[in-house]
Amino acid sequence: MSNPTPPVGPGLPETQTMVSDTVTAPAPHRQGKHKQAKGGKPASLWTDAWYDLRRRPMFILSVVIILILLVMSFWPQLFTSVDPFNARTCDLSTARQGPSAGHLFGRDNLGCDVYARTIYGARNSIVIGVLTTIITTLVGGLFGIVAGYKSGLVDSVSSRLTEVFFAIPPILGALLIAATFRGRANSILLVIIALAVLGWPMTYRIMRAAVITAKSQDFVVAARALGAGAGRIMFRHLLPNSVAPVIVVATINLGGFIAAEAALSFLGVGVLSPDISWGLMIADARDRFLEAPLPLIFPAVFLCVTVLAFIMMGDAVRDALDPKLR
Amino acid sequence: MTKTTPDALPAEGGPGDGPLLAVDNLHVEFQTRAGVVRAVNGVSYTVGAGETLAVLGESGSGKSVTAQAIMGILDMPPAVIPKGEIRFRGTDLLKLSEDARTQVRGQRIAMIFQDALSALNPVFTVGWQISEMFRVHRGMSKADGMKKAVELMDRVRIPAARQRVHDYPHQFSGGMRQRIMIAMSIALDPEVLIADEPTTALDVTVQAQIMELLADLQRESQMGLILITHDLGVVADVADKIAVMYAGRIVENAPVYDIYKAPAHPYTKGLLDSIPRVDLKGQELYAIKGLPPNLLDLPSGCSFNPRCPYRQDNCVTDAPPLYEISGVRSSACHYWREVLDGERQ
Amino acid sequence: MASGSDRILEVRDLVKHFPLTQGIVFKKQIGAIKAVDGVSFDLNRGETLGIVGESGCGKSTLAKVLMALERPTSGSVKIDGRDIAKARGGELKRMRRNIQMVMQDPYTSLNPRMTVGDIIGEPYEIHTEVAPKGDRRTKVQELLEVVGLNPDHINRYPHQFSGGQRQRIGIARGLALQPEIIVCDEPVSALDVSIQAQVINLLERLQNEFNLAYIFIAHDLSVVRHISDRVGVMYLGKFVELGKDTEIYDRPAHPYTQALLSAVPVPDPEGREQRERIILQGDPPSPANPPSGCRFRTRCWKAQEICAEEEPLLQIRPGTAHESACHFAETHDVVHVG
């Protein structure tokens, strides 16, 4: 959302008309009503948030990590010349070898390069995390807006429905879905679907609550008085005013989905070989962990750092967008 | 900070010669991201026992911030008080330790707020909240405190006090809640009561009830009353003297009769002229042009100069001091004589 | 006044009850908030009807019903002869072009995520037939100019304006569809004193320019008096008195109007000790359970037995030239005494 920076009033100049065009801070006018009142240039939510974020080392750090991860998942060749999908790069005779000049992280049970596999594993984690987040945000958000706006029967029914989903332990539910349909679809797609089915009610709840708050504001009444239809009110008025908390939850969830993917893969119902996934690598290395800990430790560290980066970014965004939630 | 000693506290009662409470050249600033907001820029006023001072001003004029500084309830930081004194019976409150201020706050200087609902705790009965004053400050037992609470509710004329003492704030109407706030504030017989827009949220008929109640209580107890308001009607009804604030400064100080008859500052005059009047129906109302100033970026010279019909060149360069007009009147306008002689609209 | 063709708005026996229900699944009605309970009045083109009353008297609900934001329980709201309360779909949308509103709080009535141009231009996006796409920007700039704002500020956001300027933006939005009626619900009460006069002057200028009819709802009696041609006084969902402004203010006949007028502080300390003041006791009763007969009788100093038994109708009473709803109506100048 673009927001021109408000010009500072250069002390009211000649007031030709009844109203000066100089912009003054509305903040002091609301003295007492809002805590942020005392001074402060009027700034919109996003400019304020951006100002705030730029000053958070935690945010900068997480953004840097996430950028590196994104590059890694799109162009893994930049990080390694070894192609882990090529069977010839593996050599059973070198299985579980420690780090060496050509193979920084050593080799795994099948003698494949752990470093290359870890780099290539980023793609599936990111793809699954991002796609699941997009799907849950769209589905949950859409239902949330409609339920929040319509209230009444629509709201009651969909809210009860989400409560059913909330009653299912997420990993157990995803496990069930993934295991049931295993082999009938692309394994990555299946993971995304399993996580999305159980993930959307969270976004739904957040969106619905935000919409209900926004709905009571006068500008919505004003739009109705102008004759605006439900679609316009929902998407032009309610959505932009309730999307902030959803973005926060989406960022935090993204990390959660990546972790969940690893868990499913570890349990054998997520990403399947020959695809590469950190969860899968951890599962493979588990048996010989005591002999050769590195093939497990490296993907685990990457997983932790990735999940942490998204959660940290989500935290920072939340603090910036909605200090009340802190 | 000084250590709390009994003699650090302002003397109780006694025949003080000076005014009960005197604010002297008070400055309050807020450090914000966008810069320093000068909310109060050298405010001075006094209030004596049994006297009603009305502090008149718009939002952002600094009238509430001044009151919060007197009470010592400003959040510091972001607020800073770089200069000024607040003398209560001769003792500068700003120099007292926090402990000593707590002795004054609520007991000897009390305050009531505009929004009585949010000022009351919704999970306790009103009786409990009123009697808390006695339990905490006077060490009374629960039963005695409740008895006092009923007495006070009677005093602020809440019907059926004995039964209603066990009700919760939401069970009262807006006017009744404001009465409860008043009961709490006068519980410990304060010497000064600050009422910050006490009737703004109320209907006119209820406003009349509350103002009458405040006047009666003041007559009984000889409290000094500081009434903070933007309502010229309420001021005319109850005040003895007025301090008009604009952009963190006092622009005019005067006894109530004088100011309505002949204001000595263009801002005061503009406010009075913009009140709709019967004989001017159908005509355009006089309107002060322009907008209230940005506190982050006050105009040079007199803060009111961009909106002022009396403006001359020196108004842009020199900030006017508070010129003394008579022993009881002053105006912060270089051209107060012209304003004073000027026609009312 | 009022020849038939001048009449733009005709409200008859308007009732709005909000049901009070119990139970979550099987809702059972246990009563009703009688927010508006039988209100009738007419409004002519270019005229201003002021509506005064205290909080909870139903004046804001009345505004919502007039704007068809709430469906009335019964009664009609005829705009140019057609009942907006019964209109649906496309017809309702068309009728909305003729009645618009200005809201109280300029801070919440503008969408903070839209530019001023989008806010004022939204009416044209909804009613596409009013202005062709290419003209809209020009139209919005014209409107900004009409309400005294700089047309170049079309791309700014509401938070970049002060309260008074925002209220002007709200007024421009209300004018966009060139309605004949504008319902102003407390349009100046959220503004600073020095800004109120500017906005009132603007509203009056626009009325003259576009021959607008205003329903002006406010609790500030001096403002209502300044702007209104006629005034209606509401108490617990009903008009207790309705008449020309001079009649209501100089010769109020209903005890409630008298109390209301006498309670308004006069901005002049001269003679304040002698001023007559009728201070009402207690609070208004709950609109869920209004008193029988006359609703004001529980706080009225004139109340007799008949007041509890028989509801006084809003009609012209002996000795008065305007309608009042009191068995003991008697004009009494409370403002000019003392």
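Everything quoted here is computed from the prediction, not taken from an experiment.

## Focus on the interface of chain C and chain B
Across the contact, 39 residues belong to chain C and 45 residues belong to chain B. Taking both partners together, chain C and chain B bury about 3,500 Å²; carbon and sulfur atoms supply 55% of that area. The interface formed by chain C and chain B includes zero salt bridges. Counting every contact that joins chain C to chain B gives seven residue pairs in polar contact (both at pLDDT 80 or more). Among the elements of the structure, helix 6 (193-210), helix 7 (221-227) and helix 9 (255-263) of chain C are those that each provide at least two residues to the side of chain C that touches chain B.

## A short note on the packing of helix 4 (residues 126-138) of chain B against helix 7 (residues 174-186) of chain B
Residue and element names in this part refer to chain B. It is the contact of helix 4 with helix 7, at a shortest axis distance of 8 Å, that shows an interaxial angle of 20 degrees. In this view, helix 4 runs roughly parallel relative to helix 7, as classed from their interaxial angle. Here helix 4 and helix 7 pass one another in a crossing that is right-handed. From helix 4, V126, Q129, I130 and M133 reach across to helix 7, where they touch I180, A183 and M184.

## Topic: the pattern of salt bridges
Across all of its chains, the model carries 41 salt bridges over all chains by this definition. For D319 of chain A, the salt bridge goes to R56 of chain A, with nearest N and O atoms at 3.7 Å. Here the residue D319 of chain A occupies a position in helix 10 (residues 294-321), and R56 of chain A occupies one in the loop between helix 1 (45-54) and helix 2 (57-74), the gap between them amounting to 263 residues. Residue D319 of chain A shares its accessibility class with R56 of chain A, and that shared class is buried. With its nearest N and O atoms 2.5 Å apart, the salt bridge here joins E252 of chain B to R329 of chain B.

## Concerning helix 2 of chain A
All names here are of chain A. Over its 18 residues, helix 2 runs 26 Å from end to end, which matches the ideal 26 Å to within 8%, given 1.5 Å per residue. All of the buried residues along helix 2 are F59, S62, I66, L69, M72 and S73. Down the axis of helix 2, the smallest arc covering the buried residues is 150 degrees, so these residues share one side. For helix 2, exposure combined with an orientation more than 90 degrees from the buried face picks out P57 and F74.

## Here's the deal with the packing of aromatic side chains
With the rule as written, the count across this model stands at 13 aromatic pairs over all chains. Both rings, one in W278 of chain A and one in F302 of chain A, keep their centres 6.0 Å apart while their planes meet at 65 degrees; by these two values the pair is edge-to-face. Of the two residues, W278 of chain A sits in helix 9 (residues 278-286) while F302 of chain A sits in helix 10, which places them 24 residues apart along the sequence. The cationic tip of R164 of chain B hangs over the ring face of F172 of chain B; the distance from NZ or CZ to the ring centre is 4.0 Å.

## Description of the side chain of T66 of chain B
All names here are of chain B. Inspection of the secondary structure puts T66 in helix 1 (residues 63-71). Exposure remark for T66: the relative accessible area of 0% places this residue in the buried category. A distance of 2.7 Å separates the side chain of T66 from the backbone oxygen of G62, its partner in a polar contact. Ignoring sequence-local partners within four residues, the contact set of T66 consists of V23, L26, V40, V43, Y45 and M245.

## Some words on the sheet that holds strand 12 (residues 329-331) of chain B
All names here are of chain B. Spatially, eight strands are ordered 6-7-8-3-9-10-12-11 in an open sheet, and the strand pairing comes out mixed. Each of the sheet's edge strands pairs with one partner strand only, and the pair in question is strand 6 (109-112) and strand 11 (323-326). Neighbour to neighbour, the strand axes of the sheet diverge by 20 degrees on average, direction disregarded. Pairing geometry for strand 7 (residues 192-196) and strand 8 (residues 224-229), over five bridges, is parallel. Looking at strand 8, one finds that I194 is bridged to I226. Running over the sheet, helix 7 touches strand 6 and strand 7 and is turned about 175 degrees from strand 6. Here helix 11 (residues 266-273) sits on the sheet in contact with strand 3 (52-56), strand 9 (241-246) and strand 10 (249-255), set at roughly 100 degrees to strand 9.

## Quick word on the confidence of the model for chain A
Residue and element names in this part refer to chain A. For chain A, the mean per-residue pLDDT works out to 77, and 83% of the residues sit at or above 70. Looking over chain A, one finds the lowest element-wise mean pLDDT in helix 1, namely 77, and the highest in helix 7 (residues 218-226), namely 91. Confidence drops under pLDDT 50 across residues 1-42; counting only partners more than four residues distant or on other chains, this segment forms 105 contacts.

Basis of the calculations
- Sequence order as written defines residue numbering, which begins from 1 separately in each chain.
- Think of it this way: whatever chain is written first is A, whatever ligand is written first is 1, and the rest follow in order.
- For this predicted model, a pLDDT threshold of at least 70 governs which residues receive local features, and a threshold of 80 or more governs which side-chain atom pairs are given and counted, while totals over whole chains, interfaces and linings are taken from all residues.
- Side-chain metrics in this entry use all non-hydrogen atoms of the structure; hydrogen atoms and water are not considered.
- What makes two residues a contact is simply this: any of their non-hydrogen atoms within 4.5 Å.
- Here the quantity called buried area is the accessible surface, traced with a 1.4 Å probe, that two parts lose on coming together, added over both.
- The salt bridge definition used is simple: a Lys or Arg side-chain nitrogen within 4 Å of an Asp or Glu carboxyl oxygen.
- Polar contacts here mean pairs of N or O atoms no more than 3.5 Å apart (in protein, one a potential hydrogen donor and the other a potential acceptor; neighbouring residues in sequence count only if both atoms are side-chain atoms).
- Where helices and strands are cited, they refer to DSSP runs of H or I of at least four residues and of E of at least two residues respectively, numbered from the N terminus.
- Helix axes are fitted to C-alpha atoms over the stretch in contact, other axes to C-alpha atoms as well, and angles between N-to-C directions run from 0 to 180 degrees.
- Orientation categories follow fixed angle ranges, with anything under 35 degrees roughly parallel, anything over 145 roughly antiparallel, 65 to 115 roughly perpendicular, and all other angles oblique.
- Note on convention: near helix rotated counterclockwise from far helix by under a right angle means a left-handed crossing. Clockwise means right-handed.
- Exposure is judged per residue with a 1.4 Å probe applied to protein chains only, and the accessible area is read against the type maximum: over 50% gives exposed, under 20% gives buried, and values in between give partly exposed.
- Any helix carries an expected span of 1.5 Å times its number of residues minus one.
- Working note: the arc is built from the helix axis to C-beta atom directions.
- Side-chain rings of Phe, Tyr and Trp (the six-membered ring for Trp) are treated as a pair once their centres are within 6.5 Å; stacked means planes under 30 degrees apart, edge-to-face means over 60, and tilted covers the remaining angles.
- Note on criteria: charge over ring means Lys NZ or Arg CZ within 6 Å of the ring centre, with the direction from the centre no more than 35 degrees off the ring normal.
- Pairing between strands is defined by DSSP: at least two bridges between the two strands are required.
- Think of pLDDT as the predictor's per-residue confidence, scored from 0 to 100.

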